[in-house]
Protein chains: 2
Amino acid sequence: MTSTDTAGPRRTRQRAAVSAAMGRNGEFRTAQEIHAALRDSGDSIGLATVYRTLAQLAEAHEIDCIRTPDGQAAYRRCSSGHHHHLICRNCGRTVEISPPAFEAWADQIASENGFTQIDHELELFGRCAACS
Amino acid sequence: MTSTDTAGPRRTRQRAAVSAAMGRNGEFRTAQEIHAALRDSGDSIGLATVYRTLAQLAEAHEIDCIRTPDGQAAYRRCSSGHHHHLICRNCGRTVEISPPAFEAWADQIASENGFTQIDHELELFGRCAACS
DNA sequence: CCCTTTAGTGATAATGGTTCTCATGAAGAT
DNA sequence: ATCTTCATGAGAACCATTATCACTAAAGGG
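Residues numbered from 1 in each chain as written. Chains lettered and ligands numbered in written order. Predicted model: local features only at pLDDT ≥ 70, side-chain atom pairs only at ≥ 80, totals over all residues. Heavy atoms only, no water.

Novice: Looking at this structure, I do not really get the relation of the copies chain A and chain B. What am I missing?
Specialist: Once chain A has been moved 0.1 Å along the axis and rotated by 179°, it coincides with chain B to within an RMSD of 0.2 Å. The two molecules are tied by a two-fold rotation axis, judged by turn and shift. Looking at chain A, 100% of its interface residues are interface residues in chain B too, so the copies touch through the same face. (Least-squares fit on C-alpha atoms with pLDDT ≥ 70 in both. Contact = heavy atoms within 4.5 Å.)

Okay, here's the thing in structure tokens:
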């Protein structure tokens, strides 16, 4: 443990499994669902580890985290760069969207009101064509 | 009980107390906080009733409901009409905002992707001038 | 004013997602 | 190989929210 310590998190089987599970699908899934999916596919992993790993991946911006309307946390691996989502309330299908002028608008509104360090939450929920 | 029944909810002491409590303040507060505040101010009221009443008031659009970043539901009485919020992450101070072109933009994005019955969630979190 | 009907109330239990605990296991360094 | 330290995971703890259900009290007719 030197002062020039650059050690990241340890590479474990569990961390790889969670990361792989996130890579395989394109919909938001809750930690519970991801845990169940991993167990079903034969990976032995604890629920606490799934929660921890997802939180860390989100912290590192490797995956995105949103709140479902009923308050649960849901995760999804996304393209890099900032963007938002259009989510089907029925089947969970997700489309990434990038409001062109939105970021600038948000910053302007914020500064007009004296706010700084702005973070925003924007998600659209609806019904996709298949579910309508 | 005729067929032309237009009876709304009954006027009870508890419902009045919750509604009054929401009228007195301008910040988002959780159901737990509102319950504690009512108890502290001498109103005897059950927690379940607070939850029920808040849910009903929100359903009737008399108050707004958002999710805090940690998943809790928070309520606030707002001006009528659709709008969003700019919320101080530190002190909870709230500013109502009304993105002029936002609704139209959201509908357009949705229909471009075949989505219908769009609902959206937009909140800005930051630090107000006093807390910076 | 009294009675009946029925929605509202509230103490408490149940639920369920998330976090904590801590003994055990494994990654990485020496 | 050994040692240090972080990661893991089973289960408990936590906590917001919802359900239960016996009791209370609005509303409205008599």
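Novice: Which parts of the structure should I look at to understand the sheet that holds strand β2 (residues 64-67) of chain A?
Specialist: Strand pairing in a sheet takes place through backbone hydrogen bonds and is either antiparallel or parallel in direction. Residue and element names in this part refer to chain A. If you walk across this open sheet you meet the 3 strands as β1-β3-β2, and the pairing is antiparallel. Each having just a single partner strand, β1 (29-30) and β2 make up the two edges of the open sheet. Both β2 and strand β3 (residues 73-76) contribute to a ladder of 4 bridges, which runs antiparallel. Along β3, the bridge assignment pairs arginine 67 with alanine 73. (Pairing = 2+ DSSP bridges. Helix = DSSP H or I, 4+ residues; strand = E, 2+ residues; numbered from the N terminus.)

Novice: When you look at the protein's contact with DNA strand C in this model, what are you seeing that I'm missing?
Specialist: Close to DNA strand C lie 21 residues, the nearest being A:Tyr51, A:Ala73, B:Thr12, B:Thr49 and B:Arg52. Here the atoms of DNA strand C within 4 Å of the protein split so that 65% fall in sugar or phosphate, with bases taking the remainder. Between DNA strand C and the protein, one listed contact pairs a base oxygen with a side-chain N or O atom of B:Arg10 at 3.1 Å. Here B:Gly46 contributes a backbone N or O atom positioned 3.1 Å from a phosphate oxygen of DNA strand C. Elements that contribute at least two residues to the surface near DNA strand C include exactly α3 (47-59) of chain A together with α1 (13-24) and α3 (47-59) of chain B. Residues of the surface near DNA strand C, tallied by class, amount to 7 nonpolar, 7 polar and 7 charged. (Near = heavy atom within 4 Å. Polar contact = N/O pair within 3.5 Å; in protein donor to acceptor, adjacent residues only side chain to side chain. Nonpolar A, V, L, I, M, F, W, Y, C, P; charged D, E, K, R; others polar.)

Novice: What am I meant to see in the confidence of the model for chain A here?
Specialist: The predicted structure's coordinates, where accompanied by low pLDDT, should not be read in detail. Residue-level pLDDT values for chain A average 86, and 93% of them are 70 or greater. Mean pLDDT values over the elements of chain A span from 85, in strand β6 (residues 116-127) of chain A, up to 96, in α3(A). (pLDDT = per-residue confidence, 0-100.)

Novice: Explanation requested: unusual backbone geometry in the structure shown.
Specialist: Excluding glycine, residues mostly carry a negative phi; peptide bonds, for their part, are mostly trans. Although it is not a glycine, A:His61 adopts a positive phi angle of roughly 60°. Note that A:His61 resides in the loop between α3 and β2.

Novice: I'm lost on the side chain of A:His85 in this one. Help?
Specialist: Residues and elements named next belong to chain A. Of note, histidine 85 is situated in strand β4 (residues 84-88). Polar contacts involving the side chain of histidine 85 include one to the side chain of histidine 83, which spans 3.4 Å. Excluding residues within four positions of it along the chain, histidine 85 makes contact with Phe28, Asp64, Ile66, Arg76, Cys78, Thr94, Val95, Glu96, Ile97, Leu122, Glu123 and Leu124.

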